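Coordinate analysis (summary)
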Amino acid sequence: MQDTLILKGHILHTPSPTQLVAISHGYIVAVDGVVVYCGKTLPSSYEGLPVVDYGDQLIIPGFVDTHAHAPQYCNRGLGMDKELLPWLETYTFPEETKFNDPEYARLVYSAFVRDLWRHGTTRSILFGTIHKDSTVVLMKLLEEAGLSALVGKVNMDRNSPDFLIETTEQSLADTKAWLEASKSFGPLVKPIITPRFVPSCTSELMRGLGELAKEYDVPVQSHLSENYGEIEWVSALHPESDSYTDVYYEHQLMGQTPTVMAHCIHLSDEEMDRMEETQTMVSHCPYSNVNLSSGIAPIRKLLEHHIPVGLGSDISGGHAVSMAKVLMEAIGLSKMKWVEVDNQYAPLTLREAFYLATKGGGTFFGKVGSFEEGYELDALIIDDTSMFDANERSLEERLERWIYIGDDRHIMKRYVAGRLVEEPK
Ligand SMILES: [Zn+2]
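Our next topic: the pairing of strand β1 (residues 4–16). Taken across its 13 residues, β1 has eleven buried, putting it largely inside the fold. Here β1 hands over to strand β2 (residues 19–31) after two residues, the two strands then running antiparallel side by side. Across four bridges, β1 lies against strand β4 (residues 52–61) in parallel orientation. Note on β4: the bridge partner recorded for H10 is L58.

This is the structure in structure tokens:
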């Protein structure tokens, strides 16, 4: 039997980076979780069906976080005086070791999943740790919560501390066992192959992971070109490759199944060509660009290169779970890049950044992040009436205001694939 959901309210979404659709008191009709209509008047074929009327509230697409480390949830706001490599050694690796214990994982992951829900992140692309059982715990919690995610068991078999390293054989065997275990999950939660980054993975491991990605037809995520020290390290480890990007490419970790790479701050033009050719998505993580003094990713240039871009919180290189705040920071950083570094590339507009935080990242999940026909209905209901304003505002102005000065307390409801999602227990 078909399940029809009709929402009414002030609808806002961005079918393209330059187009913001705003419909006052409009309707969204979804059948079996997929949008079949979005417009000003309810089609006659749906008259008489129940309508969930949100009155003067805003209806926007759910947010998509394309890069976060779930096990680093407790580390938010720590170690911000360090750059990437010492930060990893001092804070990240010791914390991730604790996820050897699935009970510790359950404790932290439960809080993290609740925070994703709270901030309206309906889809996320997540790193777990090297521990397969704890990664399955995270996937179960997400599925129970009704949130959608791609979750990765991390792989590391070199240049890692003794307490957080696998042998190549164990890493591949555990990954295969975890991919098998992942088959028991429904459509909302799926696995993603996750080499931590090139310095942590031998060629043999990367090659094996590329083969598993193909065998199981799953996407790939990793880190690319975040920090100058990291880039030099990769070049010393792989003198046979022309670039950091090409190391992934040559190991079948790009261009085979869909790939998302976090950061991509310092790519050469040749690397951008490779990203474009393979349609590899960049996860832009503005807060961690700043916090770890990594640099400002050239988002305008990446977009002009026709490279897909989404936004990421990068918990805990980034400190904020809220994608509304992440998109605000993406705008701010792009302004600094423009005025301080290169006035050739215009700053991101609100529309563009909102697009990146919804449909931009959503494309990695398929038809997600917009209310166009055929898109899965992920939506947030925003009540901004408590944010005092003595003036009449357009819907776009109300959205902008909420992004800048609002917070999760104004998110009244969340829908994922047409289903209302209540607060996780
Ligand atoms: Zn990361």
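Here the focus is the sheet that holds strand β9 (residues 189–191). Spatial strand order, β5-β6-β7-β9: four strands in an open sheet with parallel pairing. The open sheet has two edge strands, β5 (63–69) and β9, and neither has a second partner. Across the sheet, the mean angle from the axis of one strand to that of its neighbour is 15°, orientation sign disregarded. Here β5 runs beside strand β6 (residues 121–127); their pairing, made up of five bridges, is parallel. Bridge pairing links F63 to T121 in β6.

Within the largest apolar cluster, 102 residues are counted, with the highest numbers of intra-cluster contacts made by F63, L142 and L327. Inspection of this core shows a minimum of three residues originating in each of domain 1 (4–61 + 369–420) and domain 2 (63–365). If you look at the next biggest cluster of nonpolar residues, it comprises 15 residues, including L5, L7, Y54 and L377.

For a metal with four tetrahedral donors the ideal donor-metal-donor angle is 109.5 degrees, while six octahedral donors give ideal angles of 90 or 180 degrees. Coordination sphere of the zinc ion, protein contribution only: H67 (NE2), H69 (NE2), H223 (NE2) and D314 (OD), at 2.0 to 2.7 Å. Given four donor atoms and angles of 82 to 168° at the metal, the environment of the zinc ion is assigned as irregular. Between the donor residues of the zinc ion, the gaps in sequence give the motif H-x1-H-x153-H-x90-D. Across this residue pair, the class does not change: H67 and H69 are buried.

Our focus in this paragraph is a negative patch on the surface. Taken together, the side chains of E240, D242, E250, E270 and D273 make up a negatively charged region of the molecular surface. By the element assignment, E240 lies in the loop between α6 (228–237) and α7 (244–250). When its relative accessible area of 52% is taken as the criterion, E240 is described as exposed.

On to the packing of aromatic side chains. Summed over the entire model, instances satisfying the criterion amount to seven aromatic pairs. An angle of 10° between the planes, with centres 6.4 Å apart, marks the rings of F63 and W402 as stacked. Taken together, the residues span a long stretch of sequence, with F63 in strand β5 and W402 in helix α13 (residues 395–405) at a distance of 339 residues. With respect to class, F63 is no different from W402; both count as buried. One aromatic cluster is present, formed by F63, F354 and W402 through successive ring pairs. Here the guanidinium or amino end of R414 rests over the ring plane of W117, the centre of that ring lying 3.7 Å away.

Time to look at the domain arrangement of the chain. Domain annotation of the chain identifies domain 1 (4–61 + 369–420) and domain 2 (63–365). Distance between the C-alpha centres of domain 1 and domain 2: 29 Å. Facing the 31 residues of domain 1 at the interface are 24 residues of domain 2. Counting the surface lost from both domain 1 and domain 2, the interface buries some 2,400 Å², and carbon and sulfur atoms represent 62% of this. On the domain 1 side of the interface with domain 2, the three residues burying the most area are I403, Y404 and R414, jointly 24% of the side's total. In this assembly, domain 1 and domain 2 are joined by four salt bridges. Between E372 and K359 there is a salt bridge; the shortest N-O distance is 2.8 Å.

Approximately 380 Å³ is the volume found for the largest pocket. Taken together, 21 residues form the lining of the largest pocket, with L150, P187, L188, V189 and K190 sitting closest to its centre. For the lining of the largest pocket, the secondary structure elements donating two or more residues are β7 (148–152), α4 (168–182) and β9. Classifying every residue of the lining of the largest pocket gives 13 nonpolar, three polar and five charged. Taken as a whole, the second largest pocket spans an internal volume of roughly 260 Å³. Surrounding the second largest pocket, D56, D384, T385, M387, D389, N391, E392, R393, R398 and R401 form its lining. Looking at the lining of the second largest pocket residue by residue, the class counts come to one nonpolar, two polar and seven charged.

Each value, and the rule that gives it
Residues numbered from 1 in each chain as written. Predicted model: local features only at pLDDT ≥ 70, side-chain atom pairs only at ≥ 80, totals over all residues. Heavy atoms only, no water. Buried < 20%, exposed > 50% of the residue type's maximum accessible area, 1.4 Å probe, protein only. Helix = DSSP H or I, 4+ residues; strand = E, 2+ residues; numbered from the N terminus. Pairing = 2+ DSSP bridges. Axes fitted to C-alpha atoms, helices over the stretch in contact; angles between N-to-C directions. Core = buried A, V, L, I, M, F, W, Y, C linked by side-chain atoms within 4.5 Å. Domains from an automatic or database assignment. Donors = N, O, S within 2.8 Å, 3.2 Å for Na, K, Ca; no water. Tetrahedral: all angles 85-135°; square planar, octahedral: opposite > 155°, others 65-115°. Patch = residues over 30% accessible without salt bridge, like charges linked within 9 Å, V, L, I, M, F, W, Y side chains within 5 Å. Areas by Shrake-Rupley, 256 points an atom, 1.4 Å probe, with all protein chains shown as cover. Salt bridge = Lys/Arg side-chain N within 4 Å of Asp/Glu carboxyl O. Lys, Arg positive; Asp, Glu negative; His and termini not counted. Charge placed at Lys NZ, Arg CZ, Asp CG, Glu CD. Phe/Tyr/Trp six-rings, centres within 6.5 Å; stacked < 30°, edge-to-face > 60°. Lys NZ or Arg CZ within 6 Å of the ring centre and 35° of its normal. Contact = heavy atoms within 4.5 Å. Buried area = accessible area lost by both parts, 1.4 Å probe. 1 Å grid on protein atoms, 1.4 Å probe; cavity = no way out; pocket = protein on both sides within 12 Å on 5 of 7 lines; lining within 4 Å. Points joined across faces, edges and corners; volume = space filled by probe spheres on them. Nonpolar A, V, L, I, M, F, W, Y, C, P; charged D, E, K, R; others polar.

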